Amino acid sequence: MVLEKDLNLDATELRLGLPGSSEESLRISNKRALPNMNDDSGVAAAKKCDQETAPPTKAQVVGWPPIRSYRKNSLQTKKTEAETGGMYVKVSMDGAPYLRKIDLKVYKGYPELFKALEDMFKFKVGKYSEREGYNGSEFVPTYEDKDGDWMLVGDVPWEMFINACKRLRIVRGSEARGLGCVV
Amino acid sequence: MPKRLAYSLSDEVLEHVFSFIQSDKDRNVVSAVCKSWYEIERWCRRKIFVGNCYAVSPKMVIRRFPQVRSIELKGKPHFADFNLVPDGWGGYVLPWITEMAGAYPWLDEIRLKRMVVTDESLELIAKSFKDFKVLVLASCEGFSTDGLAAIAASCKNLRELDLRESEVDDSSVHWLSHFPETYTSMVSLNISCLGSGEVSFSALERLVSRCPNLRSLKLNRAVPLDKTANILRLAPQLVEFSTCTYSAELRSDVFSNLAGAFSNCKELRSLSGFWDVVPDYLPAIYSVCSRLTSLNLSYATIHSPDLIKLVSHCPSLQRLLVLDYIEDSGLEALASNCKDLQELRVFPSDPFDVEPNASLTEQGLVAVSLGCPKLQSVLYFCRRMSNAALVTIAQNCPNLTRFRLCIIEPNTADYLTGEPFDVGFGAIVEHCKDLIRLSLSGLLTDCVFEYIGKYAKKLEMLSVAFAGDSDLGLHHVLSGCESLRKLEIRDCPFGDKALLTNAAKLETMRSLLMSSCSVSLEACKLLSQKMPRLNVEVIDERGPPDSRPKNCTVDKLYIYRSVAGPRFDMPPFVWTKDEDLALRLSP
């Protein structure tokens, strides 16, 4: 029995654009959004986040990677068990060759979240002010909300944030500078 | 002169001398010395190993070796583990049990791997062998707890019941309770593959408490944490133990009970299981860590910081199985703490995700190769690699005997240079002269096979996927690797020429499996004709291979040597030659 969890939604999805491209146009909104978020890695990665609970975007090759059914079944059970309980989001950081997954439910507020991110990725979140965003730090935490927009973490009350946040990305401060304020 | 020497030693003396010779190879050599030694040896051979159950028939084994006590059989090819062999292919043990039931009443050990074992087979074992002691079913399937109940009820002297990684159907029978109250002989019990409904905890506790010789106990997932402490207190003499589910929150009473129970286990050397473990409970095992030689954390979601803490308590570790959550930093800690490490296996936590979810790269393996001089066996899943790293590893670990690298994305090149990994794997085979097992991955050309053919003279098993450019690749391996026994290949452009040129080589090997390669039906027919002692099986679920155009390649090809001739239990999707030397549909 092959564990087929892949429906390859990507290939069968109807959309505009040349085959093989996965670009989505950046939506315009009056929320404090960030520039340079429609580069390939961001959008493609965001697209993957859409399919967090759906099968991965790559077509799975039978028997590859070579993992025994016994182990695959254990991993599968674990994933379902883990993800029904918590609010898992992927966290990436510019320049880091890996992602982490965290459960937002575990943290009580922004300070705890930032501490966890700092430990995980070895950086420092700068001082936050509503007008200027984050100061004094090379890296800035951002998140993708339910509408697909990229926002600065800390803008909205915590409860609203954890319900809206689909994915986190820690970007270089230089990319986040020069943002418009919330109108 | 030699004749006189042979007659000067009586049969009894020779038999006594032979009893000290345990290895199959040596026994085979002894039996080839002369006719009388052959005769004496065959009557006193007690242990048989059959690496391919279709290579010989049970009747032939029984005819030559009439007094066997222990048998080990392997069925499906290794690629079956990865769903590359369709269900129903074969590997049935019942014909063997049926023959042995009559011929070997004193058989006391049966070890099976990748075979189909039915309840009927288990019931026959229980009924036929009065002094049955050891049953190992590794990666087997086809039986239920009914069959286990039969074994438990009848085998009064059972010492070992090991179901490692088998698939067992739950028939809702409380099979553990079928061990009578008078039964006390268990030494090794591995039921880690069983589901939650299949083990009655109270029956387990009673069993453990009345078996004073119990040394190895591997429980299944469903046994909760507080019960674990109970079990350990009942069996403080355990050497190997597999833990069960950890509960969600840390409770200090449960923790201290568990820690206390572990601290009683002075003989504990090997720990595994750890499903769903909560890192807060890990310190409960610290008291045994200094003595641990083997640790299997490959089902545990523990992250790098906790893993680093754990391995720093385990200086005697020889064997570690772990997920890629250990990350490069964890492997560096391993390299500095565990100088006796011989075996390392790192599995992917999220193998099907395109992006890495843990910071594990080639650097981790390089660190271990540098810090652990006794490293012999490696299985490593990662997402990037470089030739430089492979060369370093090869130079640091010339004593490697098993090297299996899986770069998760097929055809990935050296991330530093964009080159294929020919040079890197070439260094491995050149430096590691005792290498017996190798698995390749990443971007590879025919060059790597040239290196393998040239240097890997002791290589016995080779696994290849998505590699090579032409038949030359396969030809290098078949013509160069003198010790090759098992070769498994998938999705490589290897075809007819290499196979037919090296047909004779195939008879010196146990088996060759090729999946999605470029071998034509014509070549299969030709090979069949040329080599009567090879079984050439075409496995194709798409329909009769004859019905497709001539230049169409076969889906899968399984070639193995056999003295038993073609088998009679082939499913509809396996084709082979018949007496008329034409491929036909099997019955």
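These remarks concern the structure in this document. (Residues numbered from 1 in each chain as written. Chains lettered and ligands numbered in written order. Predicted model: local features only at pLDDT ≥ 70, side-chain atom pairs only at ≥ 80, totals over all residues. Heavy atoms only, no water.)

## With respect to the packing of aromatic side chains
Moving on, step 1. In total, this model carries 22 aromatic pairs over all chains according to the counting rule given.
Moving on, step 2. Ring geometry for Tyr110(A) against Trp158(A): centres 5.0 Å apart, planes inclined by 85 degrees, an arrangement best described as edge-to-face. You can see Tyr110(A) sitting in helix H4 (residues 110-121) and its partner Trp158(A) sitting in helix H5 (residues 158-164), a full 48 residues away along the chain. A single burial state applies to Tyr110(A) and to Trp158(A), both of which are buried.
Moving on, step 3. Pairing Trp275(B) with Tyr299(B) gives two aromatic rings, centres 5.6 Å apart and planes at 45 degrees, and the pair type is tilted. Of this pair, Trp275(B) sits in the loop between strand S11 (270-272) and helix H12 (286-289) while Tyr299(B) sits in the loop between strand S12 (294-297) and helix H13 (304-311), placing them 24 residues apart in sequence.
Moving on, step 4. When its relative accessible area of 4% is taken as the criterion, Trp275(B) is described as buried.
Moving on, step 5. The exposure class of Tyr299(B) is buried, given its relative accessible area of 7%.
Moving on, step 6. Taken together, Tyr110(A), Phe114(A), Tyr143(A), Trp158(A) and Phe161(A) form an aromatic cluster joined through their ring pairs.
Moving on, step 7. Sitting over the ring of Tyr299(B), Arg71(A) keeps its end group 4.4 Å from the ring centre.
Moving on, step 8. Here the basic side chain of Arg567(B) rests over the ring of Tyr54(B), its NZ or CZ set 4.5 Å away from the ring centre. (Phe/Tyr/Trp six-rings, centres within 6.5 Å; stacked < 30°, edge-to-face > 60°. Helix = DSSP H or I, 4+ residues; strand = E, 2+ residues; numbered from the N terminus. Buried < 20%, exposed > 50% of the residue type's maximum accessible area, 1.4 Å probe, protein only. Lys NZ or Arg CZ within 6 Å of the ring centre and 35° of its normal.)

## Concerning the side chain of Ser92(A)
Moving on, step 1. Considering the arrangement of structural elements, one finds Ser92(A) in strand S1 (residues 88-93).
Moving on, step 2. In this structure Ser92(A) touches Leu99(A), Phe121(A), Arg167(A), Leu168(A), Arg169(A) and Ile170(A), once residues within four positions along its chain are discounted. (Contact = heavy atoms within 4.5 Å.)

## As for the nonpolar core
Moving on, step 1. Phe403(B) and Ile452(B) are the most contacted members of the largest nonpolar core, which has 190 residues in total.
Moving on, step 2. Non-local contacts of Phe403(B), meaning those with residues more than four positions away in its chain, are made with Leu365(B), Val378(B), Leu390(B), Ile393(B), Phe425(B), Ile428(B), Leu435(B), Arg437(B), Leu438(B) and Ser439(B). (Core = buried A, V, L, I, M, F, W, Y, C linked by side-chain atoms within 4.5 Å.)

## Let's talk about the side chain of Thr412(B)
Residues and elements named next belong to chain B.
Moving on, step 1. With respect to the helices, strands and loops of the structure, Thr412 is situated in the loop between strand S16 (402-407) and helix H17 (422-431).
Moving on, step 2. Within the local environment of Thr412, its side chain forms a polar contact with the backbone oxygen of Glu409, the two atoms lying 2.5 Å apart.
Moving on, step 3. Not counting residues within four places of it along the chain, the set of residues in contact with Thr412 comprises Arg383, Ile407, Phe421, Gly442 and Leu443. (Polar contact = N/O pair within 3.5 Å; in protein donor to acceptor, adjacent residues only side chain to side chain.)

## Brief notes about the environment of Thr228(B)
All names here are of chain B.
Moving on, step 1. Considering the arrangement of structural elements, one finds Thr228 in helix H10 (residues 225-234).
Moving on, step 2. Accessibility expressed as a relative area gives 1% for Thr228, which makes it buried.
Moving on, step 3. Separated by 33 residues in sequence, Thr228 and Ala261 place their C-alpha atoms 8.7 Å apart.

## Observations concerning the interface of chain B and chain A
Moving on, step 1. Listed per partner, the contact involves 42 residues of chain B and 32 residues of chain A.
Moving on, step 2. Taken together, both faces of the contact between chain B and chain A bury some 3500 Å²; the carbon and sulfur share is 54%.
Moving on, step 3. Interface area lost by chain B to chain A is led by Phe82(B), Asn83(B) and Phe352(B), which between them contribute 21%.
Moving on, step 4. Connecting chain B to chain A are three salt bridges.
Moving on, step 5. When the shortest N-O distance is used, the salt bridge between Lys90(A) and Asp353(B) registers 3.1 Å. (Buried area = accessible area lost by both parts, 1.4 Å probe. Salt bridge = Lys/Arg side-chain N within 4 Å of Asp/Glu carboxyl O.)

## Regarding a nonpolar patch on the surface
Residue and element names in this part refer to chain B.
Moving on, step 1. There is a patch of nonpolar side chains on the surface, built from Leu9, Val13 and Val17 and spanning about 220 Å² of accessible area.
Moving on, step 2. Note on placement: Val17 falls in helix H2 (residues 11-18).
Moving on, step 3. Residue Val17 is classed as partly exposed on the basis of its relative accessible area of 43%. (Patch = residues over 30% accessible without salt bridge, like charges linked within 9 Å, V, L, I, M, F, W, Y side chains within 5 Å. Areas by Shrake-Rupley, 256 points an atom, 1.4 Å probe, with all protein chains shown as cover.)

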